[in-house]
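Tertiary structure, described
Residue strings, one per chain:
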Amino acid sequence: MEIFDLINRYGDLFYGIVALWTFLEGETIVIFSGIAAREGMVDLVTLVSCAWVGSFLGDQLYFMLGRHAGARMLRRYPRWQPGVDKALSLLEKYSTAFILSFRFVYGIRNFSSFAMGMSTLSWRRFAVLNFAAAGIWAVCFAGAGYIAGIALQQVVGDMAGTLSLTLLGALVLFTIGAVLVNRWRKRRADAAAPMADTVKATAAG
């Protein structure tokens, strides 16, 4: 289903869908909704506000789960332990900076609020910083979608409005994949360089 069809079908209720989606988790709908905002299908400020509130409330819930049922849930789901340990380590090391940025730390993002609920971090401090962090996150991803919509419009013109959600997702995933492959190749080249120097030195000797 195209993102514009979804918006047309539900009208203003679409903002509620965004809030619920971000409550559960997910920047994908925020990015694509930002593209729709560029096309004038949704209001960018309202979109950001709904994503902000949904994300904030969702992480407050996970924090409270960690605070009141963390140990019990870890016993039931021990596979969560590495992610929780990593999040707590980052919280101890970076404190406020981690609370403001954990939504962007992939791999442990889903465990972070839960893990912080298990720490000595006060509910009040987390709520204040989480509110600010949710706003930063909503603005960044909705803004990224809006900017991507501008770029897409420049490339494909009027066809931008008919591209499916699947195709847009494929474009985003392709870009991310290209960046990751490039980083992997660079790390591999950097790791191979010292070995090559050692071989040359040995041969020369």
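Residues numbered from 1 in each chain as written. Predicted model: local features only at pLDDT ≥ 70, side-chain atom pairs only at ≥ 80, totals over all residues. Heavy atoms only, no water.

As a further point, take the overall build of the chain. For the chain, the helix and strand inventory stands at nine helices and zero strands. In sequence order, the secondary structure elements of the chain are arranged as α-α-α-α-α-α-α-α-α. Relative to its 205 residues, the chain shows a buried fraction of 36%. Intrachain contacts of the chain at a sequence separation of at least 6 include 77% that bridge at least 24 residues. (Helix = DSSP H or I, 4+ residues; strand = E, 2+ residues; numbered from the N terminus. Buried < 20%, exposed > 50% of the residue type's maximum accessible area, 1.4 Å probe, protein only. Contact = heavy atoms within 4.5 Å.)

To continue, consider the packing of aromatic side chains. For the coordinates displayed, the defined rule picks out nine aromatic pairs. Note on F63 and F126: the rings are 4.4 Å apart at their centroids and 10° apart in plane angle, and the pair reads as stacked. In this pair, F63 is assigned in helix 4 (residues 44-76) and F126 in helix 8 (residues 123-156), connecting sequence segments 63 residues apart. The exposure class of F63 is buried, given its relative accessible area of 0%. You can call F126 buried: its relative accessible area is 0%. Centroid distance W80 to F114: 5.6 Å. Interplanar angle 85°. Geometry classified as edge-to-face. (Phe/Tyr/Trp six-rings, centres within 6.5 Å; stacked < 30°, edge-to-face > 60°.)

Here Y146 lies in helix 8. Of the residues examined, Y146 reaches a relative accessible area of 29% and is grouped as partly exposed. Spatially, the C-alpha atom of Y146 lies 4.7 Å from that of I35, the residues being 111 residues apart in sequence. Contact partners of Y146, with chain neighbours within four places excluded, come to G34, I35, A37, R38 and L44.

Space inside the second largest pocket adds up to approximately 220 Å³. Contributions of two or more residues to the lining of the second largest pocket are made by helix 2 (13-24), helix 4 and helix 7 (109-117). In terms of residues, the lining of the second largest pocket owes the most to one element, helix 4, which gives six residues. Taken together, the residues of the lining of the second largest pocket break down into eight nonpolar, four polar and three charged. (1 Å grid on protein atoms, 1.4 Å probe; cavity = no way out; pocket = protein on both sides within 12 Å on 5 of 7 lines; lining within 4 Å. Points joined across faces, edges and corners; volume = space filled by probe spheres on them. Nonpolar A, V, L, I, M, F, W, Y, C, P; charged D, E, K, R; others polar.)

Moving on to the confidence of the model for the chain. The pLDDT averaged across the chain works out to 83; a share of 73% of its residues lies at or above 70. Predicted confidence is poor over residues 160-166, with pLDDT under 50, and the contacts of this stretch with residues over four places away or in other chains come to 16 contacts. (pLDDT = per-residue confidence, 0-100.)

Here the focus is the pattern of salt bridges. Counted by the stated rule, this structure contains two salt bridges. For the salt bridge of R103 with D59, the shortest nitrogen-to-oxygen distance reads 3.0 Å. Taken together, the positions of R103 in the loop between helix 6 (96-101) and helix 7 and D59 in helix 4 put the pair 44 residues apart, joining distant regions of the chain. Judged on exposure class, the residue R103 and its partner D59 are both buried. Of the charged contacts in the structure, one is a salt bridge between D59 and R109, with a shortest N-O distance of 3.3 Å. With D59 in helix 4 and R109 in helix 7, the pair connects residues that are 50 residues apart, well separated along the chain. Of the two residues, D59 and R109, both sit in the buried class. Each of D59, R103 and R109 takes part in one network of salt bridges that share partners. (Salt bridge = Lys/Arg side-chain N within 4 Å of Asp/Glu carboxyl O.)

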